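The lines below spell out each chain.
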Amino acid sequence: MLIPPASDPLLHFLASSLLNHGKRARAERIVSRTLLYIHALTRAPPLPILRHALITASPAVKCISQKRSGKNVVRPAALTEKQRIRAGVHAVLSASKNKSGKTVEERLAREIIAVVNGDSKAITDKELAHKQAMVNRGNALVK
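All values derive from a computational prediction rather than experimental measurement.

Participant: Looking at this structure, how should I read unusual backbone geometry?
Facilitator: Backbone geometry follows two general trends: most residues other than glycine have a negative phi, and most peptide bonds adopt the trans configuration. A positive phi angle is found at H21, which is not glycine, with a value near 60 degrees. Look at H21 and you get exposed, because its relative accessible area is 74%. In the Ramachandran plot, S69 falls in the positive-phi region, its phi being about 55 degrees despite a non-glycine side chain. Here S69 is to be found in the loop between β1 (61-68) and β2 (71-78). Residue class for S69 comes out exposed when judged on its relative accessible area of 76%.

Participant: It is not clear to me how the side chain of T34 should be interpreted in this structure. Could you clarify?
Facilitator: Take T34: it is sitting in helix α2 (residues 24-42). Residue T34 is classed as buried on the basis of its relative accessible area of 2%. In terms of polar contacts, T34 uses its side chain to reach the backbone carbonyl oxygen of I30, at 2.7 Å. In this structure T34 touches E105, L108, A109 and I112, once residues within four positions along its chain are discounted.

Participant: Is there a simple way to think about the environment of A87 in this case?
Facilitator: Within the fold, A87 resides in helix α4 (residues 81-96). Along the backbone, A87 and K126 are 39 residues apart, and their C-alpha atoms lie at a distance of 9.4 Å.

Participant: Got a minute to help me understand the pattern of salt bridges in this structure?
Facilitator: Close approach of charged atoms allows side chains with opposite charge to pair. Tallied over the full model, the rule gives five salt bridges. Between D8 and R51 there is a salt bridge, with its nearest N and O atoms 2.8 Å apart. Of this pair, D8 sits in the segment before α1 (9-18) while R51 sits in helix α3 (residues 46-57), placing them 43 residues apart in sequence. In this structure R51 comes out as partly exposed when scored by relative accessible area, which is 37%.

Definitions and limits used
Residues numbered from 1 in each chain as written. Predicted model: local features only at pLDDT ≥ 70, side-chain atom pairs only at ≥ 80, totals over all residues. Heavy atoms only, no water. Buried < 20%, exposed > 50% of the residue type's maximum accessible area, 1.4 Å probe, protein only. Helix = DSSP H or I, 4+ residues; strand = E, 2+ residues; numbered from the N terminus. Polar contact = N/O pair within 3.5 Å; in protein donor to acceptor, adjacent residues only side chain to side chain. Contact = heavy atoms within 4.5 Å. Salt bridge = Lys/Arg side-chain N within 4 Å of Asp/Glu carboxyl O.

Below, the structure is given as structure tokens:
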């Protein structure tokens, strides 16, 4: 098994998203155990699977509610790459809370594998956000 580098920015960002009360060592341990669970469940290198899952769960747009002419109008806005990754990480983390498993690591690994397989709540939330953006694309600001 290939061991991912300790200074991988994606793993650092995932650990930062899991951070609770400043306990970084605990968050990094959760990330490393999640990678071990992914490897145990798939028998494949875990880092490419994690990258693919986060890119798959990341939305490209978000909908902003804006007041225009006295009424609230929903306007789609494109996300930067960092915003996309952050939204994907948070979607996967929130969807993993409903998975079966005793530990956070196991639930997160199962959710990442479910995203790769295409049957995850994170993917349905992304598709819902994209549908809402397409419906409201007439309200988009054009520069």
